[in-house]
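Notes for the structure review
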Amino acid sequence: MATFAALLVPAAAVPAVPAAAVPSSDAVVLVEEVYGGGGNNGAVYDQDFVELYNPGDEPVPLDGWSVQYGSAGGTTWSGQTDLAGEIPAGGSFLVGQAHGNDTDLPDLPTPDVEGSIFMSGSGAEVALVSSTDRLDCTGAACADVADLVDLVGWGSANTFLGSGPAPGTTNATSVARTDHGHTVDNAADFTAGEPTPANSGAQTDPDPDPDPDPKAATIAEIQGTGDSSPLDGQVVTTRGVVTAVYPTGGFDGLYLQTSGSGGDPADDATPGASDALFVYSAAAAQEVGLGDHLEVTGEAGEYFDLTQVTPSSWTVLDEPAEAVKPTPTTWPATDAEREALEGMLLAPQGELTVTDNYSTNLYGTVGLAAGDSPLVQPTTAGRPGSDEAAAQAADNAARAVQLDDGSTWDYSGSSRSSTPLPWLNGTDPLRVGAPVTFTGPVVLDYRYGAWSFQPLEQLTGDNAAAVQPAEFADTREASPADVGGDLTVGTFNVLNYFTTTGDQLDGCQYYTDRDGDPISVRGGCLARGAADAENLERQQAKIVAAISELGADVVALEEIENSAAFGKDRDQALSDLVDALNEVDGAGTWELVPSPADVPTDEDVIRNAFVYRPATAETVGESRILLGSDAFGNAREPLAQTFQPAGGAADDPDDDVVVITNHFKSKGSAGPWPGDGDAGDGQGSSNESRVRQATALVGFADEVAADAGTDRVLLVGDFNAYEQEDPVVVLTDAGYTDLGPTTGKYTYSFGGQVGSLDHVLASPAALDAVTGTDIWNINAYEPVANEYSRYAYNVTLLYDESPFRSSDHDPLLVGMDLTAGGPGEPTEPAWQADVVYTAGDRVSSSGRVFEAMWWTRGETPGASPWGAWAEIGAPVETDAGTFPAWTASQVYVGGETVVHDGERWQARWWTRNQEPGDRHGPWEPLD
């Protein structure tokens, strides 16, 4: 930044303030216009906005920049919208902000970026910052901020450039620069007037007269065979059939496709070039309808890599046009293949699976993955930086596509909450991992840096029956799988279960419902859970249902309130949860494990804990917390407790197991150790902290196990590390086996990719006693919209008292046979990852017996039904004799008899991973 004479001056400042580095008169990007009256009484538009302007001759990338907002008399910058994309040379960039209550007002031109800041209709300040670091200055102090690009204060703002703020505004007026003027003086540069928002697709110097000699071109000629139009910047005339039209929702345009095109790809008359494009005109979208034969004249160009025509004129033709046919296609594997279909009417084929539903209740988008499985975290598939992790990242990029709602609406604003959400209705689940069936055609669209399937008009909950083009299978599981054993252990992160509610403390800030009523705490105080008793009841009902229906004898809990932080008994919230469980399951069904006498002197406000069913499980000795470890200065110390099946001998450790519950440092912020910064290898921040915590845990486990007299140990909980990341490898290198991968499921979903942050790791002796493992996918695969914290967020009520979305992590369940010589105890040696096995070798893993089909090393038994390991079915007694249970990974060559679902079946021919039940398949029923 250049030193300039003008200053950032507070309203009451004196001229003696010294000069400092401030935005100069040759700024690379300017705050051009601000409008805070959107959607208010007397407003011109339904939404607030900030418009940026690039006075230069080259486009400017805005990735990593932000627009920040402060109230007129405030002392903090209270709002921030992060930017992405670029602002064209001599062009504008529109940042949409919050919608007001009047939804009948005109929409803005499509914003380049959507924010959610409620801006003042009379006066405030907006800053353009070349980073996403939140400003912490006001008045003249802002002059020293190196990454401040531009700033405007208006009305009674206490922070501004130059001699004074820009004029105040009303709901009907904005403040904008006069002829892009920038003397670094808000009072001189800005005037108030009618809002004139413009996005990056707007012409910077529009010519009111159409080109006298536009070029006649087909849509395929405008599209070309590359990634941009060969006629970019030229005025063209073209014709086509309207296949999708968006008069509402903010797209402000329609899709046009060459008449008669589409259908069988083998009949494509323009291979490599799309036969469709977007026509950017809100007025045209208001006037035309689906199926109209339309001629348009206007400038061809690219809008953030979407080919479009911005028409100066259009005509609905009387002459008939051959109908457009949807093109049947699987998801194209390459960008070139997608470009060849851009804007076209499609009938998606092949398997597609939901991989992301996090933003569905915000922007109406559903992330899909081509194939029969969701996208997977790279460090779940391979070690950080490995070829396997890179291959998974490449696979994720190739398979990802969005299913959108035909709009730019942000449903987080109060003005949108009265419209029923698209896709989510509170009845039909929309889950990660669910297969998708298309029931109607869609248009392939590209905007906001992503490919999307769009409905043929804006989709909302109101018109879903007629407009929604896809449906989703219900993949919910009513209960976890039967894991066997005489003691079952679960682990569950309960998402900030606090019985100290926000209204009991001072300073709490809240997430609110659509009426502005507090629902959950967002900051400002130590509480992290429900805002009040009513919302605690909603949260508690779901958590109690989940723990009760998990069916575990012992449940390790993470992220429960440490009540000592509020001057109460440390176990108060835990006791409250047990009371709620017993109210549902019956008095005495559940008990808590009391805190030990010795606890850390400086603890987090959340903690680890245990509850158990005394009818089936007993504690042995007292619980114990790891004390004195520097590794856990930024995390929750591990909590250990020894358990045995109910009725076990108190002085005989042969039926004991030590369970240690954990909650390592999160990935979101960097800890104190060298190496805690995000290295960009997929492990996030604080990896070094988690490695140190894993190392300390190994030593703690050894001490506790030695004192307990058993070598059966389970390390459970939220390790905040995916399967192949360094902290988990520290534990597996110490001899523990991660049981989660044997289930083929995952406990967490982030960024549209699944993986497990939660683990159950078994010592070799504990592994020999394992009879089964399951991950119960009740949370991570469910939309966040179903959480208690989103209660009444939209007019469609999505909350219920079921276990589904009781948290953001999924519980794990492991069964163990701890009684010596008990049923199901494997006699084969435990599988080890570093041992080479050859055909015929047998091992035990997760309580099951496997036989190697060929040479193998490092492949987890049960991880795939097509791998090197074939599971030996357990013997099943029937009236006709004893036969093995069918298993998916066993090879049957014909003639073998198995038992499945209580019935006997005989193989007709070679088969593997074909479940008995289809009487026309490889299995012949014998019963």
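Residues numbered from 1 in each chain as written. Predicted model: local features only at pLDDT ≥ 70, side-chain atom pairs only at ≥ 80, totals over all residues. Heavy atoms only, no water.

Looking only at helices and strands, one finds 13 helices and 52 strands in the protein chain. The C-alpha atoms of the protein chain give a radius of gyration of 31 Å, which matches the 30 Å a tight globule of 927 residues would have. Principal-axis analysis of the C-alpha atoms places the extent of the protein chain at approximately 90 × 75 × 45 Å. By the burial criterion, 56% of the 927 residues in the protein chain qualify as buried. (Helix = DSSP H or I, 4+ residues; strand = E, 2+ residues; numbered from the N terminus. Rg over C-alpha atoms; globule rule 2.2 N^0.38 Å. Buried < 20%, exposed > 50% of the residue type's maximum accessible area, 1.4 Å probe, protein only.)

Bringing the side chain of Asp718 into the picture now. Within the fold, Asp718 resides in strand β38 (residues 713–718). Salt bridges are absent for the buried Asp718, whose nearest opposite-charge side chain, Arg636, sits at 6.4 Å. Separated by 3.1 Å, the side chain of Asp718 and the backbone nitrogen of Asn720 make a polar contact. The residues touching Asp718, leaving out its near neighbours within four places in the chain, are Asn493, Glu558, Asn662, His663, Phe664, Leu757, Asp758 and His809. (Lys, Arg positive; Asp, Glu negative; His and termini not counted. Salt bridge = Lys/Arg side-chain N within 4 Å of Asp/Glu carboxyl O. Polar contact = N/O pair within 3.5 Å; in protein donor to acceptor, adjacent residues only side chain to side chain. Contact = heavy atoms within 4.5 Å.)

On to the sheet that holds strand β47 (residues 869–871). Strand order across the open sheet formed by three strands is β45-β46-β47, with antiparallel pairing between neighbours. On the outer flanks of this sheet lie β45 (842–845) and β47, each paired with one strand and no other. Between one strand axis and the next, the sheet turns by 40° as a mean value, whatever way the strands run. In this sheet, β47 lies alongside strand β46 (residues 848–852) in antiparallel orientation, the contact comprising three bridges. If you follow Glu851 over to β47, its bridge partner there is Ala870. (Pairing = 2+ DSSP bridges. Axes fitted to C-alpha atoms, helices over the stretch in contact; angles between N-to-C directions.)

Let us look at the sheet that holds strand β52 (residues 923–925). The three strands are arranged β50-β51-β52 in an open sheet whose pairing can be described as antiparallel. Of all the strands in the sheet, the pair left with one neighbour each is β50 (897–900) and β52. On average, adjacent strands in this sheet sit at an angle of 40° to one another, irrespective of strand direction. Sheet topology note: the β50/strand β51 (residues 903–907) ladder contains four bridges and is antiparallel. Bridging from a neighbouring strand, Val899 pairs with Arg904 of β51.

Another point: the confidence of the model for the protein chain. Put simply, the protein chain has an average pLDDT of 91, and 95% of its residues get 70 or more. Note that pLDDT drops below 50 for residues 204–208; the model gives that stretch three contacts with residues more than four away or on any other chain. Low confidence marks residues 821–825, where pLDDT is under 50. Its contacts with residues over four positions away, or in another chain, come to nine contacts. (pLDDT = per-residue confidence, 0-100.)

On the surface, a cluster of negative charge is made up of Asp63, Glu86, Asp227 and Asp305. With respect to the helices and strands, the residue Asp305 is situated in the loop between β17 (293–303) and β18 (306–316). The class of Asp305 is partly exposed, set by a relative accessible area of 45%. (Patch = residues over 30% accessible without salt bridge, like charges linked within 9 Å, V, L, I, M, F, W, Y side chains within 5 Å. Areas by Shrake-Rupley, 256 points an atom, 1.4 Å probe, with all protein chains shown as cover. Charge placed at Lys NZ, Arg CZ, Asp CG, Glu CD.)

Turning our eyes to something else, we now look at the packing of aromatic side chains. Under the definition given, this model contains 17 aromatic pairs. Here the aromatic rings of Phe632 and Phe664 are separated by 6.0 Å at their centres, their planes lie at 65°, and the arrangement is edge-to-face. One end of the pair, Phe632, is in the loop between β35 (617–625) and β36 (636–645); the other, Phe664, is in the loop between β37 (657–663) and α11 (687–708), with 32 residues separating them in the sequence. The same class applies to Phe632 and to Phe664, which are both buried. (Phe/Tyr/Trp six-rings, centres within 6.5 Å; stacked < 30°, edge-to-face > 60°.)

One pass over the full model with this rule turns up 30 salt bridges. Note that Arg636 is salt-bridged to Asp604, the shortest N-O span being 2.9 Å. Of the two residues, Arg636 is situated in strand β36 and Asp604 in the loop between β33 (591–592) and β34 (606–612); the sequence distance between them amounts to 32 residues. Each member of the salt-bridge network shares a partner with another, and the members are Asp46, Asp107 and Arg416.

In this section: helix α9 (residues 533–550). For α9, spanning 18 residues, the distance from its first C-alpha to its last is 25 Å, which sits close to the expected 26 Å at 1.5 Å a residue. Where burial is concerned, most of α9 is hidden: 13 out of the 18 residues are buried. A positive phi of about 80° marks Gly551, the residue just after α9. (Expected span 1.5 Å × (residues − 1).)

What follows deals with the packing of α11 against helix α12 (residues 726–733). At a minimum axis distance of 8 Å, the contact between α11 and α12 shows a crossing angle of 20°. Here α12 runs roughly parallel to α11, going by the angle between their axes. In this structure, α11 meets α12 at a crossing whose hand is right-handed. Contacts from Asn687, Arg690, Val691, Ala694, Thr695, Leu697 and Val698 in α11 reach Asp726, Pro727, Val730 and Leu731 in α12. The residue inventory of the contact of α11 with α12, partitioned by class, reads seven nonpolar, two polar and two charged. (Parallel < 35°, antiparallel > 145°, perpendicular 65-115°, else oblique. Left-handed = near helix turned anticlockwise from the far one by under 90°. Nonpolar A, V, L, I, M, F, W, Y, C, P; charged D, E, K, R; others polar.)

Core analysis: the largest hydrophobic core is formed by 44 residues, its most contacted members being Val354, Leu368, Leu403, Val436, Phe438, Phe453 and Phe472. It is strand β26 (residues 442–447) that provides the largest number of residues to this core, a total of four residues. What Phe472 contacts, discounting residues up to four positions off in sequence, is Val354, Leu403, Trp423, Pro429, Leu430, Ala434, Pro435 and Val436. (Core = buried A, V, L, I, M, F, W, Y, C linked by side-chain atoms within 4.5 Å.)

Mapped onto the elements, Ser686 comes out in the loop between β37 and α11. Between the C-alpha atoms of Ser686 and Leu592, which are 94 residues apart in sequence, the distance is 32 Å. Filtering out sequence-adjacent residues up to four positions away, Ser686 remains in contact with Lys665, Ser666, Ser669, Ala670, Gly671 and Asp676. A polar contact is formed between the side chain of Ser686 and the backbone nitrogen of Gly671, at a distance of 2.8 Å.

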